[in-house]
Amino acid sequence: MPNAGERSGTLSRRQGMGLRTRTKVIIGIASGVVVVGAAAAIAGPAIYANTVNGQAAAAPSVSAAPSGGSGTLTAAEADGSWTSTGDSFAGYRVHEKLQGQDVNVVGRTKDVEGSAEVSGGSLTKATVTVEVAKISTPESARDAYFRDTALQTDQHPTATFTLTKPVDVSGALDGSTQDVTLTGTMDLHGVEQPVTADAQVAVAKDGTVQVAGSIPITFEDYGVEAPSLGFVTVDPKGSVEFSLDLAK
């Protein structure tokens, strides 16, 4: 049987191995959020950056919406309450610098609830709530950091945009795509800030209304620190993107 000294040495080695394993896990998660990981180490920064950029979805637009544009509505048909359908989505877009390589990362979710009120050709009320914990990218380690550390979704599970100023949307009723500026507030990470969204509005062939656009944000304004590990940094600014398909 091992003596006390041998047992103590074995226990110390096991504890040391456990500490090293936990350290490796923590480092792996931090690396994942900034898209380094094993793939970058093996393939090289340039190849990995091209792969991630190729996975990044294009910015949302009404022309790319599933139901298509070029529909029309009368003023009377447009007036009333509208709610989002299952084709709606929202998420974020950020830019990272990986050893001199530009990397664009896009995360999205369809767990979105939107509502709007139209009266006399004007959008008078609108609210969009996103389940931020459900936003995902092709990198699970990045998503874990996004949920658990950056946005602390256990405490702040949703982000909400609320329109604060009516906007004329009558130009979209005749089948045109109308560019609009949506003025409102963004409640993110438990912090509410005034924001403006550059958006497009169009009527789909099936009579639904499409609204797509983005809201520029600065992470620091919401108490979120952009990660930086020296060899890779995340820009301090990004954008919240959305594509809403609204039906009566």
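Note that the structure is predicted; figures quoted are calculated from it, not measured. (Residues numbered from 1 in each chain as written. Predicted model: local features only at pLDDT ≥ 70, side-chain atom pairs only at ≥ 80, totals over all residues. Heavy atoms only, no water.)

A.B. asks: Can you help me understand the environment of Gly238 in this one?
C.D. replies: Note that Gly238 resides in strand β11 (residues 232-247). Sequence spacing of Gly238 and Ala226 is 12 residues, and the spatial spacing of their C-alpha atoms is 9.9 Å. Setting aside chain neighbours within four positions, we find Gly238 in contact with Arg93, Ile215, Pro216, Ile217 and Phe219. (Helix = DSSP H or I, 4+ residues; strand = E, 2+ residues; numbered from the N terminus. Contact = heavy atoms within 4.5 Å.)

A.B. asks: Please clarify how the pattern of salt bridges should be interpreted in this entry.
C.D. replies: Pairs can form between side chains of opposite charge once their charged atoms are near each other. Applying the stated criterion to the full structure yields four salt bridges. Across the pair Glu241 and Arg93 runs a salt bridge whose closest N-O atoms are separated by 2.6 Å. Remark: Arg93 occurs in strand β2 (residues 89-98) and Glu241 occurs in strand β11; sequence separation between them is 148 residues. The same class applies to Glu241 as to Arg93, namely buried. Note that Lys97 is salt-bridged to Asp102, the shortest N-O span being 2.7 Å. The network of salt bridges with shared partners includes Arg93, Arg108 and Glu241. (Salt bridge = Lys/Arg side-chain N within 4 Å of Asp/Glu carboxyl O. Buried < 20%, exposed > 50% of the residue type's maximum accessible area, 1.4 Å probe, protein only.)

A.B. asks: Sorry if this is basic, but what is going on with helix α5 (residues 140-150) here?
C.D. replies: Note that an α-helix has 3.6 residues per turn; residues three or four places apart therefore point the same way. For α5, the set of buried residues is Arg142, Asp143, Ala144, Tyr145, Phe146 and Ala150. At the C-terminal side of α5, Gln152 shows a positive phi close to 45°.

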